[in-house]
Amino acid sequence: MDLKEKIDKNNLPAHVAIIMDGNGRWAKKKGNQRIFGHKNGVKAVRDTVEGAGELGVQYLTLYAFSTENWNRPKKEVDALMTLLITTINSETDTLLKNNVRLLTIGDTEGLPKNVKEKLNAVIEKTANNTGLKLVLALNYSARWEIVNAVKNILTDSKKTDINIEKINNEYFEGYLNTKDIPDPDLLIRTSGEFRISNFLIWQIAYTELYFTDVLWPDFRREDLYNAIINYQQRERRFGKISEQLI
Ligand code: IPE
Ligand code: IPE
Ligand code: MG
């Protein structure tokens, strides 16, 4: 049976998040510079976005650049920012054609001006698209997001009195970048690393985790299918016992 046919359309993860890792190692294995890996990672992004959209996944969040990634050599950071711009330019038509809506999470104010402008233009252009919501995590760090939420709650508390009793999970989530986005059902990390690297710490409390050795530039929709098939074999209990689940 075809891999795609093994997927139960009634049990799709509504939100898939991916830590796209292994570009540098992929390039090194081929005797190339790290940036060659990043460039080839774009093909994986394109195929995964198309594959997820076609299946009917509602949200796809891609970790593209962490706050800590600024600490890489300047040459690599500059190349990544340039690649971000060229990719937005080259992929906008495909996003429009596929009815994909672009969103971002992270401290996008901290991105270079030209990147910010390009992103905002595409966010606006795709704002009325009703298909897959593609969420790019850029200059993102989960700890930054949480601290930022606390700061904003305190700022608001100076304007209007906040009843401390009112602060619960839902209230707090309203101050996260992912406000209005459901928690990921499935988190995939490529390249054989078993860590979260400051990604969506709050939101993945009950997310199913899937790790694969595939390096990101080699990742294709079939790898997404495999992850979803694996996800569909799991029992999500959310603290309950099996017998309580319908
Ligand atoms: C992921 O690949 C892309 C970014 C973090 C921007 P890496 O660049 O981390 O590649 P490895 O992990 O060094 O192989
Ligand atoms: C995580 O990958 C960040 C992104 C995929 C954008 P890293 O390669 O930066 O993570 P570490 O440093 O190996 O934990
Ligand atoms: Mg890495």
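So, here is what we can say about the structure in this document. These figures come from a predicted structure and were not determined experimentally. (Residues numbered from 1 in each chain as written. Chains lettered and ligands numbered in written order. Predicted model: local features only at pLDDT ≥ 70, side-chain atom pairs only at ≥ 80, totals over all residues. Heavy atoms only, no water.)

## Let's talk about the site of ligand 1
Taken together, 13 residues lie near ligand 1, and Asp21, Gly24, Arg25, Arg34 and Arg72 sit nearest. Separating an oxygen atom of ligand 1 from a backbone N or O atom of Asn23 is a distance of 3.1 Å. Taking Arg34, its side chain carries an N or O atom lying 2.8 Å from an oxygen atom of ligand 1. Protein burial of ligand 1: of its 380 Å² of free accessible surface, 87% is covered by the chains. Here ligand 1 occupies the largest pocket. A total of three residues in the shell around ligand 1 trace back to one element, the largest contributor, which is helix α1 (residues 23-29). Class assignment for the residues of the shell around ligand 1 results in three nonpolar, five polar and five charged. (Near = heavy atom within 4 Å. Polar contact = N/O pair within 3.5 Å; in protein donor to acceptor, adjacent residues only side chain to side chain. Areas by Shrake-Rupley, 256 points an atom, 1.4 Å probe, with all protein chains shown as cover. 1 Å grid on protein atoms, 1.4 Å probe; cavity = no way out; pocket = protein on both sides within 12 Å on 5 of 7 lines; lining within 4 Å. Sits in = over half its atoms within 2 Å of the grid points. Helix = DSSP H or I, 4+ residues; strand = E, 2+ residues; numbered from the N terminus. Nonpolar A, V, L, I, M, F, W, Y, C, P; charged D, E, K, R; others polar.)

## Some thoughts on the layout of surface pockets
Within this model, the largest pocket holds a volume of roughly 940 Å³. Lining the largest pocket are 44 residues, with Met20, Asn23, Tyr63, Ala64 and Phe65 sitting closest to its centre. Put simply, the parts of the chain that give the lining of the largest pocket at least two residues each are α1, α2 (34-55), β2 (59-66), α3 (74-97) and β4 (133-140). A class-by-class count of the residues in the lining of the largest pocket yields 21 nonpolar, twelve polar and eleven charged. Lining the second largest pocket, in full, are Asn11, Tyr231, Gln232, Arg234, Glu235, Arg236, Arg237, Phe238, Lys240, Leu245 and Ile246. Among the residues forming the lining of the second largest pocket, the class breakdown is four nonpolar, two polar and five charged. (Points joined across faces, edges and corners; volume = space filled by probe spheres on them.)

## Regarding the pattern of salt bridges
Scanning the model with the defined rule gives 20 salt bridges in all. Note that Asp180 and Lys179 form a salt bridge whose closest N and O atoms lie 3.7 Å from each other. For Asp180, a relative accessible area of 67% translates into the label exposed. One salt bridge in this structure joins Glu193 and Arg195, with 3.4 Å as the shortest N-O distance. When salt bridges that share partners are traced, they join Lys4, Asp47, Glu50, Glu54 and Arg221 into one network. (Salt bridge = Lys/Arg side-chain N within 4 Å of Asp/Glu carboxyl O. Buried < 20%, exposed > 50% of the residue type's maximum accessible area, 1.4 Å probe, protein only.)

Keep in mind these numbers describe shape, not what the thing actually does.
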